[in-house]
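Each chain is listed here by its residues.
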Amino acid sequence: IDTVKHVNTDFWAKFSPALVEHAQGLGIKNFFMFGEVYSFTSKELSEYTTAGNMQSVLDFGFQSAMVQNLIEQKGTKVLAKLFANDIDYLDHDSNANQLMNFTGNHDMGRFTYMLKQSEFNYSEDQMIKRTLLAHAMTYFMRGVPIIYYGDEQGFVGDGGDQASRQDMMPSLVESYNDDDLLATDATTADDNFDINHPIYQSFAQYADIFYRYPALRRGEQQTVFQADNNPIFAVSRSLSSQPNNNNKDANLINSEMLVVFNTADKAAKADIKLKEGNYRLITDTNKRVLSSKDIQEFEFPALSFSIYEKIISP
């Protein structure tokens, strides 16, 4: 729902529940809507999910943290600050897990364009790696991932608004067709529905992991490592529930994930304090099993992420 910020909150407080009720009355049980509140502060964004009764909003705070961390290189403290304010979204029927994570859009422009304009003069390889890491954060941190169309095809653009609305079909727009797309020799003058594009392939892998592990979708998030002098940022995602009275095993879910991001262009280590136990590295082809001590000694590659599933005994 566009420009939610410019309509009285009292209106949304009545409209949103009424629309959900109407949809459910039509048999649409999984009806979901989210609003655009163009603000970077959790206090203003959360007004619409709490007092305004809206199910969710676009998380411009998350988008800003991606820019500050991975483009402006302001460190991981911006991530810690973002998630420390998640309490603002907690109410009787919603929390920060329902926020819509994104890196760029049709108004502000693409994340790749922001990288291109950076004072750090990133190479194409750096732009690709930072784009992939930003989207890994979009998928694996709390919230619901949104991909702006064309990002999976390496679209860059020349700015915001119309300058970031390239055609997926072969384009006739000169200002689009002179763009240098990432990780491909194609231009927007070509058909850009390429499922073999390396960025598309990476996003597909992220989506597969996201859907395979419920804790990455709905798990409570906690920051487990952040330091101003270290580029690594790590969070846990925990999901647990108790069996109901009708079927003691039906709803039994108990899982814990560890997600570690290295936000620098060089390898780094971190003394991540974990409960003693074993973890399966699910982002590794061989699904290696490591102890909590092993993880503390592990060196994380530059601009990378690792996801571990804690092995919980039945």
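Use the structure listed above.
Residues numbered from 1 in each chain as written. Predicted model: local features only at pLDDT ≥ 70, side-chain atom pairs only at ≥ 80, totals over all residues. Heavy atoms only, no water.

Asks: Is there a simple way to explain the overall build of the protein chain in this structure?
Replies: Helix and strand counts for the protein chain come out as ten helices and ten strands. Against the globule reference of 20 Å for 314 residues, the protein chain gives a C-alpha radius of gyration of 20 Å, in line with a compact fold. Considered along the principal axes of its C-alpha atoms, the protein chain spans approximately 60 × 50 × 35 Å. Burial analysis of the protein chain (314 residues in total) assigns 49% to the buried set. Accessible area for the protein chain stands at about 15600 Å²; split by element, carbon and sulfur atoms hold 49% of it. (Helix = DSSP H or I, 4+ residues; strand = E, 2+ residues; numbered from the N terminus. Rg over C-alpha atoms; globule rule 2.2 N^0.38 Å. Buried < 20%, exposed > 50% of the residue type's maximum accessible area, 1.4 Å probe, protein only. Areas by Shrake-Rupley, 256 points an atom, 1.4 Å probe, with all protein chains shown as cover.)

Asks: Even after reading the chapter, I still don't get the pairing of strand 7 (residues 278–281), so can you show me in this structure?
Replies: Burial of the side chains of strand 7 is restricted to one face: Tyr279 and Leu281 are buried, whereas none of Asn278 and Arg280 on the reverse face is. Note: strand 7 against strand 8 (residues 289–291), three bridges, orientation antiparallel. By the bridge assignment for strand 8, Arg280 is matched with Val289. Here strand 7 runs beside strand 10 (residues 304–310); their pairing, made up of three bridges, is antiparallel. By the bridge assignment for strand 10, Tyr279 is matched with Lys310. (Pairing = 2+ DSSP bridges.)

Asks: I'm lost on the pattern of salt bridges in this one. Help?
Replies: Any two side chains of opposite charge can pair, given that their charged atoms come close. Inspection of every chain in the model, using the stated rule, returns 13 salt bridges. The partner of Asp107 in a salt bridge is Arg165, with the nearest N and O atoms 3.7 Å apart. With Asp107 in the loop between strand 1 (100–101) and helix 5 (111–116) and Arg165 in the loop between strand 2 (144–145) and helix 7 (174–177), this pair connects stretches of sequence that are 58 residues apart. Between Asp161 and Arg165 there is a salt bridge; the shortest N-O distance is 2.8 Å. Classification of Arg165 by relative accessible area gives partly exposed; the value is 30%. One connected set of salt bridges, linked through shared partners, spans Asp59, Asp86 and Arg142. (Salt bridge = Lys/Arg side-chain N within 4 Å of Asp/Glu carboxyl O.)

Asks: I tried to follow the nonpolar core on my own but got confused; where do I start?
Replies: For soluble globular proteins, nonpolar side chains are generally found buried alongside one another. Core analysis: the largest hydrophobic core is formed by 51 residues, its most contacted members being Leu79, Met137, Phe140, Phe261 and Ile307. With nine residues, helix 6 (residues 124–140) is the single largest residue contributor to this core. Those residues in contact with Leu79 that lie beyond four places of it in its chain are Ala65, Met66, Asn69, Met137, Met141 and Phe233. Ranked by size, the runner-up nonpolar core spans 16 residues in total, among them Ala227, Val260, Ile272 and Ile295. (Core = buried A, V, L, I, M, F, W, Y, C linked by side-chain atoms within 4.5 Å. Contact = heavy atoms within 4.5 Å.)

Asks: Mind showing me how you'd approach the environment of Asn192 here?
Replies: With respect to the element layout, Asn192 can be found in the loop between helix 7 and helix 8 (198–212). Using a relative accessible area of 2% as the deciding quantity, one classes Asn192 as buried. On a C-alpha basis, the gap between Asn192 and Met169 in space is 6.3 Å, while along the polypeptide they are 23 residues apart. With near-sequence residues (within four places) excluded, Asn192 lies in contact with Gln153, Phe155, Met168, Leu181, Ala186 and Thr187. A polar contact is formed between the side chain of Asn192 and the backbone oxygen of Thr187, at a distance of 3.0 Å. (Polar contact = N/O pair within 3.5 Å; in protein donor to acceptor, adjacent residues only side chain to side chain.)

By themselves, these observations are geometric and do not establish any function.
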